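Here is what each chain is made of, one letter per residue.
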Amino acid sequence: MQVVRHRQKASLSPLIKFIAVFLMIAAASYGIATLWQNAQESASAPEKKAPASAMLTEDEQPDYDADPEDVSVAGSIASDDDETGLDGQDEQDGEDESLPDTKSILYERQAIAGAVPQNEESVGYDYFNDAIFFGDSISTGIPLYMITMVPDVAVVAMQGVNTMTANTSPLIDINGTQLTMIDAAKTKGDRKKVYIMLGANSLGLDENRFIDGYTEFVKSVFELYPDAVVYIQSILPVTANVNEVYPAEYINNERIVEFNELIRDMAVGLNAHYVDVAQAMIDETGALPTNASPFDGMHLTPEYYIKWFDYLRYHTV
């Protein structure tokens, strides 16, 4: 009996091996087929991109200014159809006294105490022939978009500059040499009007550091141009959806209003003239209209450079 049982076991062994091999082959074939199917589905599915807001961490200090080579910045680079800025638009004569959207009831209602009031008549664009503009990347758009209207204006501006670096950091390239904004301005000759717009890159700073750095820069400007009329411009508003691009909580119009009040008080204390350019840019909610900055909510389209300068033309002393 023991011999018979041994032969039965021996006769079952090849069958068991066959079944095991069959199952292994079947499993391997199924796995290969599944991988192939997933690969095909991935290849045919539309590409998914992370939203811009997912590219920055909440605690990251974003650079308000984008790279001038980044075509997504409406206020810093011309499109293929607009390589010369305002070419293709009707040139506005220097005596044209139109002021798009800046004489509205909204503007009159929100006029800021201490700011240069609106004049009944505007100056011509030649008023800026002996002016110099200091600023960040928004100001770098002036020679690009306003060249046909203010060809002789001087601009000393750089992306990323803020109130802490404007007076001390060699950020401006002049013939291959890096200079501070003040030293760069010395290469522009004598100027009778000075316009300053800083602060957008400083919204993440403590209020005291913000205004202390700004004050030192303005004092340096007065030393360089003792006989000039000095205008200090407000920080421009941002669009309501700006945080879809820059998720930092401090980039918002509420904080911009607070910092503009600090700038106004500084200007009054230094006997400079505060120009509330933000009033030329805001919509009924106090934000920058989306069409003024459709790409990043901060940098301006050519149309809004015209609004900016038309506002300045009506607000002189």
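What this report covers is the structure whose coordinates are included nearby.

Scoring rules and cut-offs
Residues numbered from 1 in each chain as written. Predicted model: local features only at pLDDT ≥ 70, side-chain atom pairs only at ≥ 80, totals over all residues. Heavy atoms only, no water. Helix = DSSP H or I, 4+ residues; strand = E, 2+ residues; numbered from the N terminus. Buried < 20%, exposed > 50% of the residue type's maximum accessible area, 1.4 Å probe, protein only. Contact = heavy atoms within 4.5 Å. Areas by Shrake-Rupley, 256 points an atom, 1.4 Å probe, with all protein chains shown as cover. Phe/Tyr/Trp six-rings, centres within 6.5 Å; stacked < 30°, edge-to-face > 60°. Core = buried A, V, L, I, M, F, W, Y, C linked by side-chain atoms within 4.5 Å. Salt bridge = Lys/Arg side-chain N within 4 Å of Asp/Glu carboxyl O.

Describing the overall build of the protein
Scanning the protein from N- to C-terminus turns up eight helices and seven strands. Looking at the protein as a whole, 44% of its 317 residues are labelled buried. For the protein, the proportion of contacts with a sequence separation of at least 24, taken over those separated by at least 6, is 78%. With the model as given, the accessible surface of the protein reaches about 16900 Å², and the carbon-plus-sulfur share is 54%.

Focus on the packing of aromatic side chains
The final tally for this structure, using the stated rule, is 13 aromatic pairs. With a centroid separation of 5.5 Å and 90° between ring planes, the pair formed by Tyr127 and Phe128 is classed as edge-to-face. Classification of Tyr127 by relative accessible area gives buried; the value is 14%. A relative accessible area of 0% places Phe128 in the buried class.

Topic: the nonpolar core
Of all hydrophobic cores here, the largest spans 45 residues; its most connected members are Phe134, Val194, Ile196, Tyr214, Phe217, Val221 and Ile232. Breaking this core down by element, the ones donating at least two residues are strand 1 (131-135), strand 2 (154-157), strand 3 (172-174), helix 5 (181-185), strand 5 (193-197), helix 6 (207-224), strand 6 (229-233) and helix 7 (253-269). Val221 has contacts with Phe134, Ile182, Val194, Ile196 and Val230, leaving out every residue within four places of it along the chain. Residues Met149, Met197, Leu236 and Met281 belong to the second largest nonpolar core, which totals 33 residues.

Here's the deal with unusual backbone geometry
The backbone of Asn175 sits at a positive phi, close to 55°, despite the residue not being glycine. Although it is not a glycine, Asn271 adopts a positive phi angle of roughly 60°. For Asn271, the position within the fold is in the loop between helix 7 and strand 7 (273-275). Exposure remark for Asn271: the relative accessible area of 65% places this residue in the exposed category.

Digging into the pattern of salt bridges
Tallying each qualifying case throughout the model produces six salt bridges. The salt bridge partner of Asp183 is Lys186, with a shortest N-O separation of 3.3 Å. Look at Lys186 and you get exposed, because its relative accessible area is 53%. Here Lys192 ties to Asp190 by a salt bridge, and the two come within 3.1 Å at their closest N and O atoms. Judged by relative accessible area, which is 41%, Lys192 ranks as partly exposed. For Asp190, a relative accessible area of 55% gives the class exposed.

Keep in mind these values describe shape, not function.
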